[in-house]
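Topology and contacts: notes
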Amino acid sequence: MTANASISVRSLSKWYGSWRALRDVSMDIEGGTCTVLCGPSGSGKSTLLRCLNGLEEWQEGDVVIGGVPVGYRAGELRRLRRDVGMVFQSFNLFPHLSVLDNVTLAPRIVRRRGRRESEQHAMQLLERVGVGQHAAKLPSALSGGQQQRVAIARALAMRPSILLFDEPTSALDPESVKEVLDVMIDLARSGTTMAVVTHEMGFARRVAGRVVFMDKGSIVETGEPDEFFDCPCTDRAKAFLGNIARN
Amino acid sequence: MAVSDQDMATGIWNAAEGDEADARPHLGPRQRWARRKAILQQAAVLLLVAAVAVFVIRNTVVNLQARGLASGFDFLRQEAGFKMAFSLIAIDPTSTYGRIFLAGLLNSLLVAALAIVAATMLGFAVGLARVSPSAPVRYVARGYVELVRNLPLLLHLLLWQAVVLRSLPVVREAIGLGGFAFLSNRGLYLPAPVAGDAKAMVVAVAVATGIAAIVAGWSIRSRAQARGEAPPRLGLVLAAGGLVSNAAAIALLDWQVPVLAGFDFRGGLKLMPEFVSLVAALTIYNSAFVAEIVRAGVQSVARGQREAALALGLPPKLILRLVIVPQAMRVIIPPLANQYTHLIKASALATVVGFPDLVNVFLGTSLNQTGRAVEIAVITACVYLALSTSVALATSAYGRRVKLVER
Ligand SMILES: Nc1ncnc2c1ncn2[C@@H]1O[C@H](COP(=O)(O)OP(=O)(O)OP(=O)(O)O)[C@@H](O)[C@H]1O
Ligand SMILES: [Mg+2]
């Protein structure tokens, strides 16, 4: 897989039982660019994102990452996930492992890196996201913003070519939001392919190449951030932006 | 279990304290009142307990004296005059009640220890199968659990007794296992070292260190494996050294092979069918409960943990072992300790099949012969209390070691 793989979604449809969560979704993310996904709650943003690394299965359509279609065999999925990092809304750090071990676990086992090498790399990453001094602590001793930055370091430790973020700042207080967004802006500027579910307009305007607006399982509108936020074309996007501006 | 709950509570409290905890503040009015209330309540409870104890002891002593019954523990030094069908230390009709007590205790411990180890291993396997991604595996495990745990333990025991006794041949037609061990409806006959030798001590030490070395080597190896590293040489050397020392020790011993003499085998170690069915029934029955405890523990781990591990590309087996099970232990350990206590007490069912455990030979035969009901009941009760307490202490120590951390 190339350093900054592209993502291509072709006519993707997904049902939970009889509920259709994704309706014929098609989308392209160029290698090295950042795309922001937004839309009302329940519109299928998380579902779409989780299809990109095969955490969800779907019924129709294809997902192609770095030119390789995402398959369904366990081995294929594992190989794909090595190169696609994911950061969750609720951090999901491993609470029984130290911050350092959280970051080194996957490189040591999946990438078969030596202990010394993976710890050095992990320390570099932890320094980069600004939590180097907490390496020996358990995650529960860290603030939300610090935990989320550790989670980003954990994803980066696998040297992924794509990063997926699912509302990484919506469980954080305003100060921590800034800490985490700064790290993400830094990553986007360094040319990592990113798909980010977020309602942070400032972040989108600064680094996103494109904004994708979803509603009721389909993509309703896409555009450059400034265009989209300043004069959305569709009524649904207008209503949505009106809502988040008021809050 | 009360002990572990308390430990977990203090654990949470410690974790909540920051790095730079400020100097402890003075007690507020509410804390002072709570403290005073606690002291008053404790004093009241202590008084009540002391009053009841004095009443019971006085009553017992008075009653015993009135009926002219002797009391005291001197009977432990008297000859018991009976034999035990199975014992780990030599017992003959001249053995004292004290020695009978010791032999019964060792038998109970042997049964409980074997059943706890086996039930834990089997229970973990079945419990993990209960949450397997493969549906047939889940169904089979579910069927096993439902079948096993819904039958009374006594029924398990009698079924095993029937199976072991009925299906095996008589002594004369015993099934030979390589000419060294024999299986018949009278039990399993194994070769055993001749005891009483000075050499036996040396050999025992060699075997013990050998086993310790193997265990240490194996755990170093598996830890390295879990970290994805090549196994360090130290682990291999330790394991190999342990194996060699064990082999040498075993070869050094004078082995006595059981031989058919008249109606029974002579020499070697004889495991009674009662022993085999007791251990089997305790193991199977408790494994079903352990399985449910393990399943509940695994399911208590947040869904996001599995997803985060999957998203990193970790293989499912290692996710279970490195991410899920360590966190599940927090939920597993307290009820598991409880289950062990159940098992230890249930081992007293040995009496039903006639296996000479502590209750059978001490609370049963010895009490009948001496009539020292109070003393014997008190000693037996103390033994079971001590065993249950050690289980609680051991598991809470283990719980602290595996860091039962807050999420
Ligand atoms: N496991 C599931 N089973 C059934 N329905 C589900 C499941 N997960 C999601 N859904 C449904 O699919 C729809 C899309 O969910 P999704 O989580 O993708 O929304 P979202 O856009 O991420 O919303 P939010 O902003 O609240 O996170 C929702 O209506 C949700 O109820
Ligand atoms: Mg979501």
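Residues numbered from 1 in each chain as written. Chains lettered and ligands numbered in written order. Predicted model: local features only at pLDDT ≥ 70, side-chain atom pairs only at ≥ 80, totals over all residues. Heavy atoms only, no water.

**Remarks on the packing of aromatic side chains**
Working definition: an aromatic ring pair is given by the centre-to-centre distance plus the angle between the planes. All names here are of chain A. Inclusion rule: Ring geometry is summarised as follows: Phe, Tyr and Trp rings, the Trp one being its six-membered ring, pair when their centres sit within 6.5 Å, and such pairs are stacked at plane angles under 30 degrees, edge-to-face over 60 and tilted between the two. Only runs of H or I of at least four residues qualify as helices and only runs of E of at least two qualify as strands under DSSP, and these elements are numbered from the N terminus. Lysine and arginine charges are scored as sitting over a ring when NZ or CZ, respectively, is within 6 Å of the ring centre and within 35 degrees of the ring normal.
For the structure on display, the rule yields nine aromatic pairs over all chains. With centroids separated by 5.3 Å and ring planes inclined at 45 degrees, the aromatic side chains of Phe213 and Phe240 adopt a geometry described as tilted. In this pair, Phe213 is assigned in strand β9 (residues 210-215) and Phe240 in helix α9 (residues 235-246), connecting sequence segments 27 residues apart. The residue whose ring lies beneath Lys14 is Tyr16, and the NZ or CZ to ring-centre distance is 4.6 Å. In this structure, Arg154 packs its charged tip against the face of Phe94, placed 4.6 Å from the ring centre.

**So, the UniProt feature "transmembrane region" (unreviewed entry) in chain B**
Residues and elements named next belong to chain B. Heads up, the condition is: UniProt positions are given in the numbering used here, feature names are shortened, and annotations may be inferred rather than shown by experiment.
As annotated in UniProt, the feature "transmembrane region" (unreviewed entry) corresponds to residues 38-57, 100-129, 200-220, 232-255, 275-298 and 376-398 in the numbering used here. A distance of 43 Å separates the end C-alpha atoms of residues 100-129, which is 100% helix and 0% strand. With 83% helix and 4% strand, residues 232-255 has its two end C-alpha atoms placed 36 Å apart.

**Here's the deal with the sheet that holds strand β1 (residues 175-177) of chain B**
Residues and elements named next belong to chain B. Quick reminder of the rule: By this definition, two strands are paired if DSSP reports at least two bridges between them. Interaxial angle, 0 to 180 degrees, is taken between N-to-C directions of lines fitted to C-alpha atoms, where a helix line uses only the stretch in contact.
On the basis of which strands lie adjacent, the open sheet formed by four strands has the order β1-β2-β3-β8 and antiparallel pairing. Looking at the sheet topology across the chains shown, the edges are occupied by β1 and β8 (269-271). For this sheet the average axis-to-axis angle between neighbouring strands, irrespective of direction, equals 20 degrees. Here β1 runs beside strand β2 (residues 181-184); their pairing, made up of three bridges, is antiparallel.

**Considering the pairing of strand β1 (residues 7-16) of chain A**
All names here are of chain A. Note that β1 and strand β4 (residues 60-65) share five bridges and pair antiparallel. The residue bridging Ile7 from the neighbouring strand is Ile65, located in β4. Direction of pairing for β1 relative to strand β2 (residues 19-29): antiparallel, over a ladder of seven bridges. Bridge pairing links Lys14 to Leu22 in β2. Linkage of β1 to β2, two consecutive antiparallel strands, is achieved through a turn of two residues, within which Gly17 is found at a positive phi near 60 degrees.

**Let's talk about the interface of chain B and chain A**
The cut-off we apply is this: The contact definition used throughout considers only heavy atoms, calling two residues in contact when any of these lie within 4.5 Å. The buried area of a pairing is the accessible area, by a 1.4 Å probe, that goes missing from both parts when the two are put together, added over both. Take a side-chain nitrogen of Lys or Arg and a carboxyl oxygen of Asp or Glu: if they are within 4 Å of each other, that pair is a salt bridge. For this analysis, a polar contact is any N or O atom pair within 3.5 Å, provided that within protein one partner can donate a hydrogen and the other can accept it, and provided that sequence-adjacent residues contribute only side-chain to side-chain pairs.
If you look at the interface, chain B gives 27 residues, while chain A gives 25 residues. Between chain B and chain A, a total of about 2,400 Å² is buried, with carbon and sulfur atoms accounting for 64% of that surface. In this structure, the salt-bridge partner of B:Glu307 is A:Arg50, at a minimum N-O distance of 2.9 Å. At the boundary of chain B and chain A, one finds four residue pairs in polar contact (both at pLDDT 80 or more).

**With respect to the sheet that holds β1(A)**
All names here are of chain A. Taken in spatial order, the four strands make up an open sheet running β2-β1-β4-β5, and their pairing is antiparallel. For this open sheet the edge positions go to β2 and β5 (68-69), each flanked by a neighbour on one side alone. Across the sheet, helix α1 (residues 45-52) touches β1, β2 and β4, and the angle it forms with β1 is around 120 degrees.

**What to know about the nonpolar core**
Filter applied, for reference: By convention a nonpolar core is built from buried Ala, Val, Leu, Ile, Met, Phe, Trp, Tyr and Cys residues, the set being connected through side-chain atoms within 4.5 Å. We call a residue buried when its accessible area falls under 20% of the maximum for its residue type, exposed when it is over 50%, and partly exposed in between, using a 1.4 Å probe and counting protein chains only.
Formed by 103 residues in total, the largest nonpolar core has its most connected members in A:Leu12, A:Leu48 and B:Phe355. No other element matches the 16 residues that helix α10 (residues 316-346) of chain B contributes to this core. Excluding anything up to four places from it in sequence, A:Leu48 contacts A:Val9, A:Leu12, A:Leu22, A:Val25, A:Met27, A:Leu37 and A:Met214.

**Points about the UniProt feature "domain: ABC transporter" (unreviewed entry) in chain A**
Look at the UniProt record and you will see "domain: ABC transporter" (unreviewed entry) annotated at residues 7-241 of chain A. The span residues 7-241 of chain A is 39% helix and 26% strand, and its two end C-alpha atoms sit 26 Å from each other.

**Let's talk about the site of ligand 1**
Residue and element names in this part refer to chain A. Rules: Summary of the distance rule: residues count as near a molecule or strand when at least one heavy atom falls within 4 Å of that molecule or strand. Side-chain classes are defined by residue name, with Ala, Val, Leu, Ile, Met, Phe, Trp, Tyr, Cys and Pro counting as nonpolar, Asp, Glu, Lys and Arg as charged, and the others, Gly among them, as polar.
Around ligand 1 sit Tyr16, Trp19, Ala21, Pro40, Ser41, Gly42, Ser43, Gly44, Lys45, Ser46, Thr47 and Glu167, and those are all the residues in its vicinity. Separating an oxygen atom of ligand 1 from a side-chain N or O atom of Trp19 is a distance of 3.4 Å. Side-chain polar atom of Lys45 to an oxygen atom of ligand 1: 2.8 Å apart, as the coordinates give it. Looking at the shell around ligand 1, the elements that each hand over two or more residues are β2 and α1. It is α1 that provides the largest number of residues to the shell around ligand 1, a total of three residues. Each residue belonging to the shell around ligand 1 can be placed in one class, and the counts come to four nonpolar, six polar and two charged.

**Side note on the packing of helix α3 (residues 97-130) of chain B against helix α8 (residues 273-300) of chain B**
All names here are of chain B. In plain terms, the rule: Note on angle classes: values under 35 degrees are labelled roughly parallel, values over 145 roughly antiparallel, values of 65 to 115 roughly perpendicular, and the remainder oblique. In this scheme the crossing of two helices becomes right-handed for a clockwise turn of the near helix relative to the far one and left-handed for an anticlockwise turn of less than a right angle.
Put simply, α3 and α8 touch, their axes get as near as 6 Å, and they point 40 degrees apart. Relative to α8, the element α3 is oriented oblique. Taken as a pair, α3 and α8 cross one another with a handedness that is right-handed. Of the residues assigned to the contact of α3 with α8, the class counts are 19 nonpolar, six polar and three charged.

**Quick notes on the pairing of strand β8 (residues 193-197) of chain A**
Residue and element names in this part refer to chain A. Of all five residues that make up β8, five are buried, and the element is covered over most of its length. Covered by surrounding structure in β8 are Thr193, Ala195 and Val197 together with Met194 and Val196, the residues of both alternating faces. In the sheet, strand β3 (residues 34-38) pairs with β8 via four bridges, with the strands oriented parallel. When the sheet's bridge partners are listed, Leu37 is paired in β8 with Val197. Note: strand β7 (residues 162-166) against β8, five bridges, orientation parallel. When the bridges of β8 are listed, Phe165 appears paired with Val196.

**Comments concerning the packing of helix α5 (residues 153-167) of chain B against α8(B)**
Residues and elements named next belong to chain B. Relative to each other, α5 and α8 sit at 140 degrees, their axes nearing to 8 Å. Our classification of the angle between α5 and α8 gives oblique. When the axes of α5 and α8 are compared, the crossing they make is right-handed. Across from Leu153, His156, Leu157, Trp160, Gln161, Val164 and Leu165 in α5, the residues of α8 making contact are Pro273, Glu274, Ser277, Leu278, Ala280, Ala281, Leu282, Ile284 and Tyr285. Here the residues of the contact of α5 with α8 are counted per class, giving 12 nonpolar, three polar and one charged.

**Considering the state of the cysteines**
All names here are of chain A. Quick reminder of the rule: For the purposes of this analysis, a disulfide is any pair of cysteine sulfur atoms at a distance within 2.5 Å.
Taken as a whole and assessed by the stated rule, the structure comprises zero disulfides over all chains. Of the cysteine sulfurs around Cys34, a residue in no disulfide, the closest is that of Cys38, at 12 Å. On the basis of relative accessible area, Cys34 is assigned to the buried category, the value being 3%. Cys233 provides the cysteine sulfur closest to Cys231, a residue in no disulfide bond, and the two sulfurs are 6.8 Å apart.

**Overview of a nonpolar patch on the surface**
Selection criterion: A patch is a set of surface residues, each over 30% in relative accessible area and not in a salt bridge, joined within 9 Å for like charges and within 5 Å for the nonpolar side chains Val, Leu, Ile, Met, Phe, Trp and Tyr. Working definition of accessibility: Shrake-Rupley area with a 1.4 Å probe, residue cover restricted to the visible protein chains.
Taken together, the side chains of B:Leu48, B:Val52, B:Phe55 and B:Val56 define a hydrophobic patch exposed on the protein surface, amounting to about 410 Å² of accessible area. Here B:Phe55 shows up in helix α2 (residues 29-66).

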